[in-house]
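Observations on the three-dimensional arrangement
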Amino acid sequence: MTALEELKKLPTRKENPYIKEWKGKGRSIVGFTCHYAPKEIFYAADIFPYRLEARGTRETGLADVYYHRFNCTYSRCILQEGLSGGYAFLDGLCFLNGCEQIRRMYEVWKEHVPTTDYQYMITIPHSIYDEGFEWYKEEVFRFKEDLANNFATRLTKGDLRAGIDVYNESKRLLKELYELRKSDHPPISGAEAMKLIFAADIMPREKYNTLLKEAMKEIRSRDGIKDYKARIMVGGSPLDDTQIIEIIENLGGIVVTDTLCGGSRNFQEFVEVEKDGDPLEAIARCYYYSNPCPRMLNSFDSRCEYTEKMAGEANVDGIILQKIVFCDNHSVECTMIADELEPKGIPVLNLEREHMLTDVGRVRTRIEAFIERISRR
Amino acid sequence: MAEYSDRKDRTITTRWQTTGDLAKFILSHDLNHLDDWGGKEAVREILPEHFQKNFDMIQTDLINCLLEEKNKQTAMAFADNISSWGEWLHAQLDEGKKVVYHYFIHTIEPLLALDFAPICFEILSGLTSALYTDGCEEGIDAIEAEGYPDHLCSSNKGAAGYLLKGYIPQPSCFLKGSAPCDTSNRIYEWAAHKYKVPLIVIEAPYYMNERAHKFLTEEMKRMIVKLEKIAGKKLEQDKLRYYIQLSNEAVDYVAKIQELRKIVPCPDTGWHRPADTIFTAQLGTPFARDYFKALYENVKERVDKGQGVIPEGKKEKRLAWGYTWEAFDLPFFNWLENKHGAIYTEDTLTYFPMDTEMIDTTNMETMLAGLGRRMMQMPMARQVMSFSDVWIKDFVDISRAYKVDALAIGGHMACKHFWALNKLLSDKVKEKTGVPTLRFEMDMMDKRFTSPAELRRIMDDFFATF
């Protein structure tokens, strides 16, 4: 199997060979729930950070005992995986107060998912300002101490610098990948690219970098995709499945970029440490100040500018903002962005969906109509 | 006769002011039910003309509830409040004072001391839904028509819709604590963006410890700097002290009432409890102080006489409300008392923790530290801003201290944080205290979600299990 194939086909959770291999060497895996989790610190502590996902989860019966139909299906599917043993391999879990629904999972998980020994909550302010940064920085410092104490590691500055280097390398490679996608004839489909992005957070990062570097050679050698009707950018709620992208691409669109928290927002900024600087502070600074999530107040303009910039750079014909039902942050954000960009001549489709895409017919019809509206041919 | 503004941007607040005056007028007559004088239509005919249109809008059941003997005294306090607050607000606006829309869990002493005209955004929806047959549905429909989702909080949607319709004054800025929820944060972001005014955020830390308190105190200072810039003046210590003293007086009455509610039989009526939340958003004004003082005197009078509030012969069932209630149906709690003997002990939206402190008014530093502390203790803020443990502990404590027979956990549709907690809350309270719970869905300000009739059926069924 080529590196590209391996990354594209990497299974999640129980079937993921890297989990078995890592655990087999007596090493720990700690899950995290949100973009703002400082993954470099996990890595520095020789811990494999695994982003919680619920790819392929098709029902929420167990989760619905504790959560409700008014909770988004993304949070319910993740909880379902926890309750049904899908995350039994985790040695710990780092929550963040990213959104209402995920942060409240902390207590339910603690009470009802006994296989996770270690739980931690990092809290991040809801707006970006210097005193808020000081709060978050202290949270990150405390987390580092707690992680080191619980997993009996030393976590030196050198370890942190090594973690930063590995993650910066991923970011550099992913930027390259996104550059290739900007071309008139992208050598990789949106669905394939998204699979490569998903793989980053569910396998050891050094190994990921090696495979991605290799995969990039293969991608570069391909003929570009020419036969598409419209270039599309995807944004909105967290996405951990390529199903919606496959629908877009099966209908003649090609997804060439995104503003997703697990996607482009994840690698725009590098962690920069001065020669004598504090690597921990540099990590905190990078997460806090870059690419705000819609949960951040007073930063709509910067998110809107980022959306417009990404759309422009990738020369998209339209933007599909998919929002999971009951996701307040993205539901409002998507509407606000559409209100800003449509008058500027950037077509936007606001599409409500569930995490487990069951009403495929409705979604397909909406996307088909949108592609017809913006089609190049 | 009071002067009523005909300005479009005072539509909502003038409506309230008129309703307050109208309620006072009706309550001053010897009337215990509209039917005593031939029904609503007949009463309308004998009302002064300037009240008639407003009278048509008011929920008939609410009028009859207020006219019930046991409710009259608190009804008068309620009417007095909305009448005098409305008159005061309009005077502030006439003087050209700037409007600050603020979230309902803030106390507003600094806004008052800086001569702003503070309006609680959520109360615009809450009080309107409590008073009128059509509630705040016009506002809700207006914002949803703009493409904003129905699963946002109706307390924010109603007010946002009123802004769009021009029924409330233009803002100078919005003031928002970052807790408790995404839905309110997003609507405030939308409103500040739409109306191109500053959004001042008070970051509410996730913890209930000294580190959080220290941070929040500093947030108060940062907030004041921003407010001073908008106000164009400095905050004066003596002015702030004056408003905090009023606020302390009100909170002291609330604490005393909370103590008295522990008595069996319960000496307090339930109809006004959603209104208590509304007036908590006025802490720092004389209107809130006077309202809670009147409530206290009413409750104390019953305690002194050894009276309860349920009909004779009924066994008292002591309910706590684990979260919200429907603001659109104040008579519901009166109905619970009269039909089921079910009284109202405490809830999340009015409850101050038993160790609530008065704000030390010695100097600016102590006042700001006190405001920070109070923000951590404000009803709903404390439970929602932090780990679920805080919420659970409050209701374990309430269940024990108030000898609660059942915990009704009405869940507001929009509160996703709550729906991720409600089962845990129910389980833990039952495990620690043995108190049974009832969990059900509603929308606090939109009766089209769970209707008053359906709510009554839910309660009938629940009490059938007792």
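Residues numbered from 1 in each chain as written. Chains lettered and ligands numbered in written order. Predicted model: local features only at pLDDT ≥ 70, side-chain atom pairs only at ≥ 80, totals over all residues. Heavy atoms only, no water.

A word on the sheet that holds strand E3 (residues 92-96) of chain A. All names here are of chain A. The four strands are arranged E2-E1-E3-E4 in an open sheet whose pairing can be described as parallel. Two strands in the sheet have a free side with no partner beyond their single neighbour: strand E2 (47-51) and strand E4 (118-122). Strand-to-strand twist across the sheet, computed as the mean angle between neighbouring axes with direction ignored, equals 25 degrees. Looking at chain direction, strand E1 (residues 28-32) and E2 are connected through five bridges and run parallel. Looking at the pairing, Gly31 lines up with Tyr50 of E2. Running over the sheet, helix H7 (residues 105-112) touches E3 and E4 and is turned about 170 degrees from E4. Where helix H8 (residues 130-150) meets the sheet, its contacts fall on E2, E3 and E4, and the angle it forms with E4 comes to roughly 170 degrees. (Pairing = 2+ DSSP bridges. Helix = DSSP H or I, 4+ residues; strand = E, 2+ residues; numbered from the N terminus. Axes fitted to C-alpha atoms, helices over the stretch in contact; angles between N-to-C directions. Contact = heavy atoms within 4.5 Å.)

Residues and elements named next belong to chain B. Looking along the chain, the bond that leaves Ala179 and enters Pro180 is cis, with omega of 10 degrees. In this fold, Pro180 is placed in the loop between strand E3 (173-177) and helix H10 (182-195). Despite not being glycine, Met380 has its phi angle at roughly 75 degrees, a positive value. Tracing the backbone shows Met380 in the loop between helix H16 (364-377) and helix H17 (381-384). Residue classification places Met380 among the buried positions, given a relative accessible area of 5%. The backbone of Lys403 sits at a positive phi, close to 50 degrees, despite the residue not being glycine. By the secondary structure assignment, Lys403 is in the loop between helix H18 (388-401) and strand E7 (406-412). (Buried < 20%, exposed > 50% of the residue type's maximum accessible area, 1.4 Å probe, protein only.)

We now examine the confidence of the model for chain B. With 100% of its residues at a pLDDT of 70 or more, chain B has an overall mean of 96. Interface confidence for the predicted complex, expressed as ipTM, amounts to 0.96; the pTM equals 0.96. (pLDDT = per-residue confidence, 0-100.)

All names here are of chain A. With respect to burial, E4 is a largely interior element, five of its five residues being buried. In E4, alternate side chains face the same way, and those of Tyr118, Tyr120 and Ile122 on one face and Gln119 and Met121 on the other are all buried. Two strands pair when backbone bridges link them, and E3 and E4 are joined in this way by five bridges, in the parallel orientation. For Leu93, the partnering residue across the bridge sits in E4 and is Gln119.

So, about the pattern of salt bridges. On inspection of all chains with the given rule, the structure shows 77 salt bridges over all chains. Glu281 of chain A is paired through a salt bridge with Arg285 of chain A; the nearest N and O atoms lie 2.9 Å apart. Taken together, the residues Glu281 of chain A and Arg285 of chain A, both in helix H13 (residues 279-289) and four residues apart, mark about one turn of the helix. Judged by its relative accessible area of 36%, Arg285 of chain A falls in the partly exposed class. With its nearest N and O atoms 2.9 Å apart, the salt bridge here joins Lys239 of chain B to Asp115 of chain B. (Salt bridge = Lys/Arg side-chain N within 4 Å of Asp/Glu carboxyl O.)

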